[in-house]
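Chain by chain, the residues:
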Amino acid sequence: MQGGLIVPSLLIVSALLIIVLTVSFALWDGRKNRPVAERGIEELSIGIRSLPPFAVAEFSAELDSSRTLLRQKRYRECIRRTDLARQELDQVMEVVRQGRSELISIESKVMEARDRGLTVDRAAIGLDGVSGFWGVSE
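Please read all numbers here as calculations on a predicted model, not as lab measurements.

Parameters and conventions
- Residues numbered from 1 in each chain as written.
- Predicted model: local features only at pLDDT ≥ 70, side-chain atom pairs only at ≥ 80, totals over all residues.
- Heavy atoms only, no water.
- Helix = DSSP H or I, 4+ residues; strand = E, 2+ residues; numbered from the N terminus.
- Rg over C-alpha atoms; globule rule 2.2 N^0.38 Å.
- Buried < 20%, exposed > 50% of the residue type's maximum accessible area, 1.4 Å probe, protein only.
- Contact = heavy atoms within 4.5 Å.
- Areas by Shrake-Rupley, 256 points an atom, 1.4 Å probe, with all protein chains shown as cover.
- Lys, Arg positive; Asp, Glu negative; His and termini not counted.
- Charge placed at Lys NZ, Arg CZ, Asp CG, Glu CD.
- Patch = residues over 30% accessible without salt bridge, like charges linked within 9 Å, V, L, I, M, F, W, Y side chains within 5 Å.
- Salt bridge = Lys/Arg side-chain N within 4 Å of Asp/Glu carboxyl O.
- Core = buried A, V, L, I, M, F, W, Y, C linked by side-chain atoms within 4.5 Å.
- Axes fitted to C-alpha atoms, helices over the stretch in contact; angles between N-to-C directions.
- Parallel < 35°, antiparallel > 145°, perpendicular 65-115°, else oblique.
- Left-handed = near helix turned anticlockwise from the far one by under 90°.
- Expected span 1.5 Å × (residues − 1).

Colleague: Now, about the overall build of the protein: what can you tell me, with residues and values included?
Modeller: When helices and strands are counted, the protein shows 5 helices and 0 strands. For the protein, the N- to C-terminal ordering of α and β elements is α-α-α-α-α. Here the protein has a C-alpha radius of gyration of 28 Å; the compact-globule value for 138 residues is 14 Å, and the former is much larger. With respect to the three principal axes, the spread of C-alpha positions in the protein is 105 × 20 × 15 Å. Looking at the protein as a whole, 25% of its 138 residues are labelled buried. Here the analysis covers contacts within the protein between residues at least 6 apart in sequence; of these, 65% occur between residues at least 24 apart. Element-wise, carbon and sulfur atoms account for 61% of the exposed surface of the protein, whose accessible area totals about 9700 Å². Averaged over its 19 positive side-chain charges, the protein has a centre that lies 9 Å from the centre of its 19 negative ones.

Colleague: Any details on a nonpolar patch on the surface? Residues and values, ideally.
Modeller: There is a patch of nonpolar side chains on the surface, built from I12, L16, I19, V23 and L27 and spanning about 480 Å² of accessible area. For I19, the location among the structural elements is in helix α1 (residues 3-49).

Colleague: Describe the nonpolar core, listing the residues and the values that go with them.
Modeller: Counting residues in hydrophobic clusters, the biggest one holds 18 residues, and the most contacted among them are I48, L51 and L89. The set of elements that each furnish at least two residues to this core consists of α1, α2 (53-71) and α3 (75-115). The leading source of residues in this core is α3, at 7 residues. In contact with L51, not counting residues within four places along its chain, are V56, F59, L89, V92 and M93.

Colleague: Summarise the packing of α2 against α3; cite the residues concerned and give the values.
Modeller: Running from N to C, α2 and α3 point in directions that differ by 165 degrees, and their axes come no closer than 9 Å. In terms of their interaxial angle, α2 and α3 are classed as roughly antiparallel. For α2 against α3, the interelement crossing comes out left-handed. Contacts between α2 and α3 involve F54, A55, F59, E62, S65, S66, L69 and L70 on the former and, on the latter, Y75, E77, C78, R81, T82, A85, E88, L89, V92 and V96.

Colleague: Please set out α3 residue by residue, giving values where relevant.
Modeller: Taking 1.5 Å as the rise per residue, α3 with 41 residues should run 60 Å; its terminal C-alpha atoms sit 57 Å apart, in good agreement. Directly after α3, the chain includes G117, whose backbone phi takes a positive value near 100 degrees.

Colleague: Before we move on, can you summarise the pattern of salt bridges with the specific residues and values?
Modeller: With the rule as written, the count across this model stands at 6 salt bridges. Of the charged contacts, one joins E43 and R86 as a salt bridge, the two residues approaching to 1.9 Å between their closest N and O atoms. With E43 in helix α1 and R86 in helix α3, this residue pair connects regions lying 43 residues apart in the sequence. Assessed through its relative accessible area of 41%, E43 is described here as partly exposed. Taking the relative accessible area as the measure of exposure, R86 reaches 22% and is therefore partly exposed. The partner of E62 in a salt bridge is R81, and the shortest N-O contact between them spans 3.0 Å.

Colleague: Could you give an account of the side chain of T82, naming the residues involved and the relevant values?
Modeller: Relative to the helices and strands, T82 is located in helix α3. According to the relative accessible area criterion, T82 is buried, its value standing at 1%. With sequence-adjacent residues up to four places away left out, T82 is seen in contact with G40, I41, L44 and S66.

By themselves, these are just geometric observations and shouldn't be taken as functional.
Given below as structure tokens:
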């Protein structure tokens, strides 16, 4: 080889090496993180089904965003966002559980009053509206 071709040859080899490493990393990242991202999206989707109506829209938007990241093969960002959304969903579900248990307690008191002969107008005290808010059907 001539002395003037060494530097360009090294640059070409370096560029090819960088390309090979980039492709290898992308393939490894896809094999490792894609199943985790898909599982996170599935768990978030299942969690959304148990939410009351007032909270579904926000988490559905987060689910759509995560699906977009998965389609774009941005697996790590998808995993991070679904984990954060699932943590928030868990917090909301804890509040929902507390609200629903309080509603059950009120319902039992209304039934006790009804058993004693008292008439309770559920609509007048807003019990039907609260039941709908917490996603509890009569």
